[in-house]
Amino acid sequence: MTHGDLDQVDVEILKLLQHDASLTNKEVSLKLHKSIATIHERIRRLKEQGYIKRIVAILDRKKINRNLIAFSHVLLKEHTAKTLIEFETEVSKFAEVMECLQMTGAHDFILRIATRDMDDYHEFLRNKLATLPNITTVQSYFVLSEPKSETAYPI
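As the structure is a computational prediction, the values presented were derived from the model and not from experiment. (Residues numbered from 1 in each chain as written. Predicted model: local features only at pLDDT ≥ 70, side-chain atom pairs only at ≥ 80, totals over all residues. Heavy atoms only, no water.)

Trainee: Honestly, the sheet that holds strand β2 (residues 97–102) in this entry has me stumped. Any pointers?
Mentor: Think of a sheet as strands paired side by side through backbone hydrogen bonds, with each pair either parallel or antiparallel. Read across the sheet, 4 strands follow the order β2-β3-β1-β4 without closing on themselves; strand pairing throughout is antiparallel. With partners counted over all chains shown, the strands left at the sheet margins are β2 and β4 (135–142), one partner each. The average undirected angle you get between the axes of adjacent strands in this sheet is 20°. As paired strands, strand β1 (residues 68–76) and β4 are joined by 7 bridges and run antiparallel to one another. When the sheet's bridge partners are listed, H73 is paired in β4 with Q139. Seen against the sheet, helix α5 (residues 118–127) touches β1, β2, β3 (109–115) and β4 and runs at an angle of roughly 170° to β4. (Pairing = 2+ DSSP bridges. Helix = DSSP H or I, 4+ residues; strand = E, 2+ residues; numbered from the N terminus. Axes fitted to C-alpha atoms, helices over the stretch in contact; angles between N-to-C directions. Contact = heavy atoms within 4.5 Å.)

Next comes the structure, spelled out in structure tokens:
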């Protein structure tokens, strides 16, 4: 298994932290049978090198009233570097947009959008997304259930 500059201890640290980033250095050190200082230094280095981009809490979206998830496929009229960058910049400002992914294929972007309900999504579409220049079409698909949702990458 090749991971660039990572050895097996680094990989094990990343696995542990992907599943529970609240683990203390002491808890990680006990699980991996390494000193706290070693774990502290390795985590610092993994952050510095960009393997760990940020540490966050993953919320239950339903408890914070974000009950509707939409995947909106967006097609733009023009595909110049300027128009692509402008779209990315503007759409990234919308709090409802959780992810913006530039794609190959029939659509230019896929947006993952979280709103309270269909009325909230409709308002977002009309008053925010549809106001952006250069959009040809938006096709939205709504999540009915979420049998699997992972944040940890297999390494």
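Trainee: Could you clarify how one ought to interpret the packing of helix α1 (residues 8–19) against helix α3 (residues 36–48) in this entry?
Mentor: Two quantities define a packed helix pair, namely the angle between the helix axes and the distance between the axes. It is at 11 Å that the axes of α1 and α3 come closest, and there the two elements cross at 80°. Judged by the inter-axis angle, α1 sits roughly perpendicular to α3. Residues V9, D10, I13, L14 and L17 of α1 form the contact with α3, whose participating residues are I39, R42, I43, R45 and L46. In terms of residue class, the contact of α1 with α3 is built from 7 nonpolar, no polar and 3 charged. (Parallel < 35°, antiparallel > 145°, perpendicular 65-115°, else oblique. Nonpolar A, V, L, I, M, F, W, Y, C, P; charged D, E, K, R; others polar.)

Trainee: Whenever I open this one, the side chain of H107 confuses me. Can you help?
Mentor: Its place among the elements puts H107 in the loop between β2 and β3. H107 gets classed as buried once you look at its relative accessible area, which sits at 16%. One polar contact links H107 to Q139, side chain to side chain, over a distance of 3.0 Å. Each residue touching H107, except ones within four places of it in the same chain, is listed here: H73, V74, L75 and Q139. (Buried < 20%, exposed > 50% of the residue type's maximum accessible area, 1.4 Å probe, protein only. Polar contact = N/O pair within 3.5 Å; in protein donor to acceptor, adjacent residues only side chain to side chain.)

Trainee: Please explain the packing of aromatic side chains as it appears in this structure.
Mentor: The relation between two aromatic rings is expressed through the spacing of the ring centres and the mutual angle of the planes. For the coordinates displayed, the defined rule picks out 4 aromatic pairs. Pairing Y121 with F124 gives two aromatic rings, centres 6.2 Å apart and planes at 50°, and the pair type is tilted. With a gap of 3 residues between them, Y121 and F124 both fall in helix α5, about one helical turn apart. Judged on exposure class, the residue Y121 and its partner F124 are both buried. For the pair Y121 and F142, a centre-to-centre distance of 5.1 Å together with 90° between the ring planes defines the contact as edge-to-face. Linking Y121 in helix α5 with F142 in strand β4, this pair joins segments that are 21 residues apart in sequence. Here F142 falls in the partly exposed class, since its relative accessible area comes to 31%. Through pairs of rings, three or more aromatic residues link up here, namely F94, Y121, F124 and F142. (Phe/Tyr/Trp six-rings, centres within 6.5 Å; stacked < 30°, edge-to-face > 60°.)

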